[in-house]
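# A closer look at the structure
Here are the chains, one letter per residue:
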Amino acid sequence: MAYASRFLSRSKQLQGSLGVLQQRNAIPIPVRAFAKEAARPTFKGDEMLKGVFTEIKNKFQAAVDILLKEKITLAPEDPAAVKQYANVMKTIRQKADMFSESQRIKYDIENETKEIPDARAYLLKLKDIRTRRGLTDELGAEAMMFEALEKVEKDIKKPLLRSDKKGMDLLVAEFEKGNKKLGIRKEDLPKYEENLELSIAKAQLDELKSDALEAMESQKKKEEFKDEEMPDIPEKPPEGVMP
């Protein structure tokens, strides 16, 4: 049970999904609730809060139950082991109704960009989310998008707002040209998502393997010295011996 919990503590996907669940069910607490004479919160509010934590607990327990039954091979260098681990985590997400990494990123984008009015700030926020999630831009798509934006803004002679339908259509057209040059196709998106999940699974297996080896080494040292007697250190040095 403890080791299964350790797996979950290392899973950023599951932690992120539980965080989203908490955000979705967040209950605003009025400031007056903290006042000295404030009345006790209503029973209905208590039940809502209890329901949120119960749901989180059930999802966590569902994940632990699956990990207790599955055999995980700590071999990040083995593609088969990485794929098997990724499949286990996918099963956990489906069973516990949690986000995949791709879904989590999509949620972050929708949630963090909805109030952004201009295209440049929007792209900068996308860059921030990518960096924060530890994703690399190996194809150079990010640079391509900023180049496309520069071209469109130069053509319309003003900053591009997301509410400018004509300007945004021009930007999307430039994005499509760039995607074609980079070899990015919409029909390949599921493959990109799968590769993302596999790269995350490999990184997690790497970390879990390091933790396991460290724990084994620590246990080995304890077993080596457990039968040795501790030296008897006198409180005072013998006569004639300087402390």
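Residues numbered from 1 in each chain as written. Predicted model: local features only at pLDDT ≥ 70, side-chain atom pairs only at ≥ 80, totals over all residues. Heavy atoms only, no water.

### Details of the overall build of the protein chain
Basically, it comes down to this: Helix and strand definitions here come from DSSP, where helices need a minimum of 4 consecutive H or I residues and strands a minimum of 2 consecutive E residues; each element is numbered from the N-terminal end. Contacts are assigned to residue pairs with any non-hydrogen atoms lying within 4.5 Å of each other. Here, Shrake-Rupley sampling with a 1.4 Å probe gives the accessible areas, and only protein chains in the shown set may cover a residue.
Along the backbone of the protein chain there are nine helices and zero strands. Helices and strands in the protein chain line up, N terminus first, as α-α-α-α-α-α-α-α-α. For the protein chain, restricting intrachain contacts to residue pairs at least 6 apart in sequence, the fraction spanning at least 24 positions comes to 68%. Working note: accessible area of the protein chain is about 17,700 Å², and carbon and sulfur atoms make up 56% of it.

### Details of helix H4 (residues 79-96)
Think of an α-helix as turning once every 3.6 residues; residues three or four places apart then point the same way. How we decide: One less than the number of residues in a helix, times 1.5 Å, gives the span that helix is expected to have. Each residue's exposure class comes from its accessible area (1.4 Å probe, protein chains only) as a fraction of the maximum for that residue type: buried when under 20%, exposed when over 50%, partly exposed otherwise. This arc is built from the directions going out from the helix axis to the C-beta atoms. Any pair of nitrogen or oxygen atoms within 3.5 Å is treated as a polar contact; in protein, a donor-acceptor pairing is required on top of that, and neighbouring residues in sequence qualify only through side-chain atoms on both sides.
The end-to-end C-alpha distance of H4 is 26 Å, a good match for the 26 Å that 18 residues give at a rise of 1.5 Å each. Taken together, the buried positions of H4 are Ala81, Val82, Tyr85, Ala86, Val88, Met89, Ile92, Arg93 and Ala96. All buried residues of H4 lie within an arc of 155° about the axis, which places them on one face of the element. Exposed positions of H4 whose direction lies more than 90 degrees from the buried face are Pro79, Ala80, Gln94 and Lys95. Between a side-chain oxygen at the N-terminus of H4 and the backbone nitrogen of alanine 80 the separation is 3.1 Å; the capping residue is aspartate 78. Phi turns positive one or two residues past the end of H4, at aspartate 97, with a value near 55°.

### Here we look at the packing of aromatic side chains
In this description, a pair of aromatic rings is defined by centroid distance and the angle of the planes. Keep this limit in mind: Any Phe, Tyr or Trp ring, taking Trp's six-membered ring, that has another such ring centre within 6.5 Å forms a pair; planes under 30 degrees apart are called stacked, those over 60 apart edge-to-face, and the others tilted.
Taken as a whole and judged by the stated rule, the model has one aromatic pair. A centroid spacing of 5.8 Å and a plane angle of 50° characterise the contact between phenylalanine 99 and tyrosine 107, whose relative ring orientation is tilted. The two residues phenylalanine 99 and tyrosine 107 agree in class, both being buried.

### Brief notes about the pattern of salt bridges
Basically, it comes down to this: In what follows, salt bridge is the name for a side-chain nitrogen of Lys or Arg lying within 4 Å of a carboxyl oxygen of Asp or Glu.
All told, the structure shown has 16 salt bridges when counted by the stated rule. Put simply, aspartate 128 and arginine 132 hold a salt bridge, and the shortest N to O gap is 3.0 Å. Of this pair, aspartate 128 and arginine 132 are both found in helix H6 (residues 119-132), four residues apart, which corresponds to roughly one turn of the helix. Residue classification places arginine 132 among the partly exposed positions, given a relative accessible area of 44%. Among the ionic pairs, aspartate 169 bridges to lysine 165, the shortest N-O distance being 3.2 Å.

### Remarks on the nonpolar core
Here is the rule: Grouping buried Ala, Val, Leu, Ile, Met, Phe, Trp, Tyr and Cys residues that are joined through side-chain atoms within 4.5 Å yields what is termed a nonpolar core.
Ile72, Tyr85, Val88, Ile92, Ala201 and Leu205 are the most contacted members of the largest nonpolar core, which has 13 residues in total. Of all the elements in the fold, those that place two or more residues in this core are helix H3 (43-69), H4 and helix H9 (189-225). Per-element accounting of this core gives the leading share, six residues, to H4.

### Observations concerning helix H5 (residues 101-113)
For H5, with 13 residues, the first-to-last C-alpha span of 18 Å sits near the 18 Å given by 1.5 Å per residue. Listed in full, the buried residues belonging to H5 are Glu101, Ser102, Arg104, Ile105, Tyr107, Asp108 and Thr113.

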